[in-house]
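# Observations on chain architecture
Read off the chains here:
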Amino acid sequence: MVGFCCEVLTQLVFLNVAGHTEWLHDALLPSPILVRKQLTGEPLSLPRRKPLASGTLMAAVASLVHFSLCRHSSLFHYHHLRALALSVAIPFSSSAASASSPFSTLSSSSLRQKSKRLPAAAAAAAALLEVGGVKIAKEDVVREGDPTNNVPDTIFSKLGQQLHRRDNHPLGILKNAIFDYFDGNYSGKFTKFDDLSPIVSVKENFDDVLVPADHVSRSYNDTYYIDAHTVLRCHTSAHQANLLQKGHNHFLVTGDVYRRDSIDSTHYPVFHQMEGVRVFSPDEWLASGMDATSYAAMDLKKALEGLARHLFGAVEMRWVDTYFPFTNPSFELEIYFQEKWMEVLGCGVTEQEILKRSGRMDNVAWAFGLGLERLAMVLFDIPDIRLFWSTDERFTSQFSEGQLGVKFKPFSKFPPCYKDISFWISDIFTENNLCEVVRGIAGDLVEEVQLIDNFTNKKGMTSHCYRIAYRSTERSLTDEEINHLQWSVREAVQNKLNVVLR
Ligand code: PHE
């Protein structure tokens, strides 16, 4: 145990000196984390925490040791159970302890004070974003040097863009089509929220929806933490409990969600989800003669099959049993579309505990969550998830309000350029960290990062070779530009990831 503590301590110090705090957290994850499924959302993860002053090294080490001894229970939605003992170097927050407002560090008043202190020109440069009525400055979200923060600049630049609120954008068009379905079938009963701030507490994102303390999705490898108690929501389910507590019985929440992930044409660290919740009172199921859970499950399936037909036409569908911490039973809806089965959404009957905590002892409810990009890519024939962020007129001009399913015409397919990078990894290496480094340098010019070779030599050293595909969705890249990017990537990988280039 002592040996382990010392080793961790060495890593902490080493990484702290090495620079970006993000690597500090991940350095404390002893094993690689799961590969996540794209879809409605995927997973989320981690341990039990209590508030500690950030940067308290020994406490962090203590928490690390504690976590490393915890076994992680079930994963929602995942099929692979690789990350059994997850640890993080962040303070603990027990479900009760982290009840503080997600905006405790971001209150509009403190932000206003900050901007008042700045000279006018500097204030304009440090433009405050306004998201969901909350003013946010960059330094509130990206804090280099703070070991409890792992949000990079590239992610900050996405905050407040709210692609789902643009009526001429494929995501906005799809959102509105789903709204039309619910409005048409439930005569406007569903209240819609699409401007809730993505900055939420750990409690809202995880505890309130019963995500186990040691679930993989809570890790710093998978989730963007602003500080030990505050995250960029990784699913719209983060708003369920609050809205239920406020007395809403039928609601739809649309928003941008954030997850650290690998890089390919269907994965991007920011995407958009829609959440739906419907609460029933006893008279509704009693009249049917069914028990509450069966009644809710039946209604849920009927509602979502109708939604799938509204979006995709007369498709074949099937229900697959699955697991989410917040629903039981839980299902995925798949449709047969373009000659294959495709997962459309995740859903289920809300865990009674969530309703109980919102003061609804006698109710039953259903909930669903769907990923807008995944559906929009199929409906509009959009081949690459990066295109949703494009401001190129040749992309944006192809979509207009109310036109669901207009097929995207690629303006041209630019050639990819592949570059390989090989290195000896250390125990703390994770692919998500590599992807974040690559994105930090190449931004949206990187199309894919793929592991193409992996071996361990006689001395027990493991080498990974990754193939990076550089391709712009808008123009041809020059050799010079790509070589320059690749050299910068090599340098950053070496400096930030504690690996040895080969
Ligand atoms: N929040 C889940 C995810 O991100 C989706 C979901 C929502 C599943 C509501 C069930 C009920 O994967």
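Note that this is a predicted model, so its numbers are computed, not measured.

## What about the overall build of the protein?
A tally of helices and strands in the protein yields 17 helices and 18 strands. Of the contacts made within the protein by residues no fewer than 6 positions apart, 71% connect residues no fewer than 24 positions apart.

## What about the sheet that holds strand E16 (residues 446-456)?
Taken in spatial order, the four strands line up as E16-E17-E15-E18 in an open sheet, and their pairing is antiparallel. Edge strands, defined here as strands with exactly one partner in the open sheet, are E16 and strand E18 (500-501). By the bridge criterion, nine bridges tie E16 to strand E17 (residues 462-470) in an arrangement that is antiparallel. Bridging across to E17, Leu451 finds its partner in Tyr466. Packed on one face of the sheet, helix H16 (residues 431-442) meets strand E15 (417-424), E16 and E17 and runs near 140 degrees to E16. Against the sheet, helix H17 (residues 479-497) engages E15, E17 and E18, with an angle of about 20 degrees to E15.

## Focus: the sheet that holds strand E11 (residues 316-324)
Here we have seven strands laid out as an open sheet, ordered E4-E9-E10-E14-E13-E12-E11, and mixed in their pairing. If you trace the sheet from one side to the other, it starts and ends with strand E4 (191-193) and E11, each paired once. Averaged over all neighbouring strand pairs, the angle between strand axes comes to 20 degrees, with direction disregarded. Strand contacts of helix H12 (residues 292-312): strand E10 (270-280), E11, strand E12 (327-337), strand E13 (340-350) and strand E14 (364-371), with the helix running at about 30 degrees to E14, the strand carrying the most contacts. Packing against the sheet, helix H14 (residues 372-379) makes contact with strand E9 (250-258), E10, E12, E13 and E14, and its axis sits at approximately 55 degrees to E14.

## A few points about H12
Under the 1.5 Å per step criterion, the end-to-end length of H12 is 30 Å for 21 residues, consistent within 8% with the ideal 30 Å. Its side-chain oxygen placed 3.1 Å from the backbone nitrogen of Thr293, Asp291 serves as the N-cap of H12. Phi turns positive one or two residues past the end of H12, at Gly313, with a value near 85 degrees.

## Regarding the side chain of Thr230
Following the sequence through the fold, Thr230 ends up in strand E8 (residues 230-232). Within the structure, Thr230 has its side chain in polar contact with the side chain of Asp227 (distance 2.8 Å).

## Structural notes on the pairing of E15
The sheet contact formed by E15 and E17 spans eight bridges and is antiparallel. Paired with Cys417 across the bridge in E17 is Tyr470. Where E15 and E18 come together, two bridges link them in antiparallel fashion. Bridged to Phe423 within E18 is Leu501.

## Looking at the pattern of salt bridges
Opposite charge on two side chains lets them pair, provided their charged atoms get close. Across all of its chains, the model carries 22 salt bridges by this definition. Salt-bridge contacts for Glu436 lead to Arg260; the nearest nitrogen and oxygen are separated by 3.1 Å. Residue Glu436 is found in helix H16, and its partner Arg260 is found in the loop between E9 and E10; the two are separated by 176 residues along the sequence. Using a relative accessible area of 11% as the deciding quantity, one classes Glu436 as buried. You can call Arg260 buried: its relative accessible area is 1%. Between Glu353 and Lys356 there is a salt bridge, with the nearest N and O atoms lying 3.5 Å from each other. Of the two residues, Glu353 and Lys356 both sit in helix H13 (residues 352-357), three residues apart, roughly one turn of that helix. A relative accessible area of 28% places Glu353 in the partly exposed class. For Lys356, a relative accessible area of 46% puts it in the partly exposed group. What emerges from the salt-bridge pattern is a single network uniting Arg165, Lys175, Asp194 and Asp195.

## Overview of the confidence of the model for the protein
Of the residues in the protein, 75% have a pLDDT of 70 or more, and the chain-wide mean is 80. Across residues 78-125, where pLDDT falls below 50, the model places 133 contacts with residues more than four positions away in sequence or in other chains.

## Topic: the environment of Gly440
Mapped onto the fold, Gly440 is located in helix H16. Taking the relative accessible area as the measure of exposure, Gly440 reaches 48% and is therefore partly exposed. Residues Gly440 and Thr154, 286 residues apart in the sequence, show an inter-C-alpha distance of 6.5 Å.

## As for the packing of H16 against H17
Closest axis-to-axis distance for the H16/H17 pair is 9 Å, and the angle between their directions is 140 degrees. Between H16 and H17, the interaxial angle falls into the category oblique. H16 and H17 meet at a crossing whose hand is right-handed. In this structure, H16 uses Asn433, Leu434, Val437, Val438, Ile441 and Ala442 to contact H17, whose residues at the interface are Leu485, Ser488, Val489, Ala492, Val493, Lys496 and Leu497. Looking at the contact of H16 with H17, its residues break down into ten nonpolar, two polar and one charged.

## Quick word on the packing of aromatic side chains
All chains considered together, the criterion is met by 23 aromatic pairs. For the pair Phe312 and Phe337, a centre-to-centre distance of 5.0 Å together with 75 degrees between the ring planes defines the contact as edge-to-face. Pair noted here: Phe312 is in helix H12 and Phe337 is in strand E12, with a separation of 25 residues, a long-range link. Summarising the burial analysis for this pair, Phe312 and Phe337 share the class buried. Look at Phe399 and Phe408: their rings are 6.3 Å apart centre to centre, the planes differ by 20 degrees, and that puts the pair in the stacked class. Look at Phe399 and you get buried, because its relative accessible area is 4%. Classification of Phe408 as buried rests on a relative accessible area of 6%. An aromatic cluster of three or more residues is present, and its members are Tyr181, Phe182, Tyr186, Phe190, Trp366 and Phe368. One cation-aromatic arrangement involves Lys301 over Phe331; the distance from NZ or CZ to the ring centre is 4.1 Å. The lysine or arginine in question, Arg318, covers the ring of Trp341, its NZ or CZ lying 4.2 Å from the ring centre.

Parameters and conventions
Residues numbered from 1 in each chain as written. Predicted model: local features only at pLDDT ≥ 70, side-chain atom pairs only at ≥ 80, totals over all residues. Heavy atoms only, no water. Helix = DSSP H or I, 4+ residues; strand = E, 2+ residues; numbered from the N terminus. Contact = heavy atoms within 4.5 Å. Pairing = 2+ DSSP bridges. Axes fitted to C-alpha atoms, helices over the stretch in contact; angles between N-to-C directions. Expected span 1.5 Å × (residues − 1). Polar contact = N/O pair within 3.5 Å; in protein donor to acceptor, adjacent residues only side chain to side chain. Salt bridge = Lys/Arg side-chain N within 4 Å of Asp/Glu carboxyl O. Buried < 20%, exposed > 50% of the residue type's maximum accessible area, 1.4 Å probe, protein only. pLDDT = per-residue confidence, 0-100. Parallel < 35°, antiparallel > 145°, perpendicular 65-115°, else oblique. Left-handed = near helix turned anticlockwise from the far one by under 90°. Nonpolar A, V, L, I, M, F, W, Y, C, P; charged D, E, K, R; others polar. Phe/Tyr/Trp six-rings, centres within 6.5 Å; stacked < 30°, edge-to-face > 60°. Lys NZ or Arg CZ within 6 Å of the ring centre and 35° of its normal.

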